[in-house]
Amino acid sequence: MSGPLFFIGLRSLVAGAVLVLLSKPTSSTWRSGLRIGFPLVVALGGMSVALTEGSLIEVVAILACGYSLSMLGLSGQRDASPTPMQIIGLGLALLTVALLWAGGTSAPVLIPAATAAAGFGGVIVLADRRAHSALPIPLAATALVFGGLFLTALATVAGESFALSTLIAATL
């Protein structure tokens, strides 16, 4: 696995810590944030690898496909039929991904980007399920803290180096 996992994890951890200090989440929010933290880790890790391997256009197209699928999943979860725009959006996103595949986009870009799309879709669906029991800012804060801790630990175990110049360049 390659990519700026340490940077993404550290950035998520700092952003989550700031939001935790501002929002003061409850213990049930921390539990809900832990449930959302796993798909967030998968999404952020996949996106960091995909962005180092491919272009932003490829990754955004695949993320749009995942977003469209998650919106259809939310409609199904609420026992509502999908709107025509959701179906059209999914069709356009799938067509774009098919054209990217036919155009020569490689598997080292498609697989991590698809993993990121699935992770972000999971975050959307799980956050919607927990929205009635927790406020959105504390819920996001706790998920970012858990995700940042895991990604930072994963990058440390994987031996990813901490280069200040890389962190500054990635921030800019």
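Whatever comes next refers back to the structure up there.
Residues numbered from 1 in each chain as written. Predicted model: local features only at pLDDT ≥ 70, side-chain atom pairs only at ≥ 80, totals over all residues. Heavy atoms only, no water.

Looking at the layout of surface pockets
Here is step 1: In this structure, the largest pocket encloses a volume near 170 Å³.
Here is step 2: Taken together, Ile36, Leu40, Val123, Ala127, Ala131, Ala134, Leu135, Pro136, Leu139, Ala140, Ala143 and Leu144 make up the lining of the largest pocket.
Here is step 3: For the lining of the largest pocket, the secondary-structure elements that each account for two or more residues are α2 (27-53), α5 (107-130) and α6 (136-157).
Here is step 4: At five residues, α6 tops the list of elements feeding residues into the lining of the largest pocket.
Here is step 5: Within the lining of the largest pocket, the residues separate by chemical class into twelve nonpolar, no polar and no charged. (1 Å grid on protein atoms, 1.4 Å probe; cavity = no way out; pocket = protein on both sides within 12 Å on 5 of 7 lines; lining within 4 Å. Points joined across faces, edges and corners; volume = space filled by probe spheres on them. Helix = DSSP H or I, 4+ residues; strand = E, 2+ residues; numbered from the N terminus. Nonpolar A, V, L, I, M, F, W, Y, C, P; charged D, E, K, R; others polar.)

Here we look at the environment of Leu19
Here is step 1: Position of Leu19 among the secondary structure elements: in helix α1 (residues 5-23).
Here is step 2: A C-alpha to C-alpha distance of 9.2 Å links Leu19 and Val145, two positions 126 residues apart in sequence.
Here is step 3: Residues contacting Leu19, with those up to four places away along its chain left out, are Lys24, Ile137, Ala141 and Leu144. (Contact = heavy atoms within 4.5 Å.)

Comments concerning the nonpolar core
Here is step 1: Ranked by internal contacts, the top residues of the largest apolar core, which has 22 residues, are Ile8, Ile36, Leu40, Leu44, Met47, Ile62 and Leu151.
Here is step 2: Among the elements of the structure, α1, α2, α3 (56-77), α5 and α6 are those that each provide at least two residues to this core.
Here is step 3: If one sorts the elements of this core by residue count, α2 sits on top with six residues.
Here is step 4: Not counting residues up to four positions away in its chain, the partners in contact with Met47 are Val59, Leu63, Pro112, Ala116 and Phe120. (Core = buried A, V, L, I, M, F, W, Y, C linked by side-chain atoms within 4.5 Å. Buried < 20%, exposed > 50% of the residue type's maximum accessible area, 1.4 Å probe, protein only.)

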